[in-house]
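One letter stands for each residue in the lines below.
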Amino acid sequence: MTDDASKNQKPDPITERILAMIEDGGSVSPQEVAQTFYKDTKTPGMPADGWHKYMTAVRQQAIHLARQGRLQITRKGEPVDPNNFKGVVRLRKVPPAQP
């Protein structure tokens, strides 16, 4: 992809949602991101549990952002390897480097 093409590319809405939800320094679960994204895009007649279909996208984007160093994926409060983790996780901003 050329630089011009990447400049014209729209930001991924799920990526934007993840980053917005961790901006204040708190942490969120992938489920919370999927539920919030679905709630904001849901139209009348859509099922209440339709957020499940966004879980894979949220997880994939979180892994991508963690590999870029833009967030941390944590389990039990400790950072995990974005290439190899299981179980219940949370997403948070990368803490500032300690001097």
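This structure is a prediction, so every number in the text was calculated from the model and none was measured.

(A) The arrangement of the overall build of the protein chain in detail. From N to C terminus, the protein chain includes 4 helices and 4 strands. Shown N-terminal to C-terminal, the secondary structure of the protein chain runs as helices and strands in the order α-α-β-α-α-β-β-β. In the protein chain, which comprises 99 residues, the share counted as buried stands at 27%. Within the protein chain, counting contacts between residues at least 6 apart in sequence, those at least 24 apart form 41% of the total.

(B) Structural context of the pattern of salt bridges. Counted by the stated rule, this structure contains 3 salt bridges. Linking E23 and K93 is a salt bridge whose minimum nitrogen-to-oxygen distance equals 3.7 Å. Note that E23 is positioned in the loop between α2 (13-22) and β1 (27-28) and K93 in the segment after β4 (90-92), a separation of 70 residues in sequence. Residue E32 is joined to R90 by a salt bridge in which the shortest nitrogen-to-oxygen separation is 3.6 Å. With a gap of 58 residues between them, E32 in helix α3 (residues 30-41) and R90 in strand β4 connect regions that are remote in the sequence. Under the relative-accessibility criterion, E32 is labelled partly exposed at 31%.

(C) Geometry of the side chain of T15. Inspection of the secondary structure puts T15 in helix α2. In this structure T15 touches Q61 and L65, once residues within four positions along its chain are discounted.

(D) Representation of the sheet that holds β1 within the structure. Reading across from one edge, β1-β4-β2-β3 is the order of the 4 strands in this open sheet, with antiparallel pairing throughout. Both edges of this open sheet fall to β1 and β3 (78-79), since each of them pairs with a single strand only. Here 2 bridges tie strand β2 (residues 72-75) to β3, and the two strands are oriented antiparallel to one another. By the bridge assignment for β3, T74 is matched with P79.

(E) Looking closely at the nonpolar core. Counting 20 residues, the largest nonpolar core has I18, L71, I73 and L91 as its most contacted members. Here the element with the most residues in this core is helix α4 (residues 55-67); it accounts for 5 residues. Ignoring anything within four residues of it in the chain, the contact list for L71 reads I18, I22, A62, L65, A66, L91, R92 and V94.

(F) Local environment of α3. With 12 residues, α3 extends 17 Å between its outermost C-alpha atoms, agreeing within 8% with the 16 Å of an ideal straight helix rising 1.5 Å per residue. Contact partners of the buried residues in α3: α2, β1, α4 and β4.

What counts and how
- Residues numbered from 1 in each chain as written.
- Predicted model: local features only at pLDDT ≥ 70, side-chain atom pairs only at ≥ 80, totals over all residues.
- Heavy atoms only, no water.
- Helix = DSSP H or I, 4+ residues; strand = E, 2+ residues; numbered from the N terminus.
- Buried < 20%, exposed > 50% of the residue type's maximum accessible area, 1.4 Å probe, protein only.
- Contact = heavy atoms within 4.5 Å.
- Salt bridge = Lys/Arg side-chain N within 4 Å of Asp/Glu carboxyl O.
- Pairing = 2+ DSSP bridges.
- Core = buried A, V, L, I, M, F, W, Y, C linked by side-chain atoms within 4.5 Å.
- Expected span 1.5 Å × (residues − 1).

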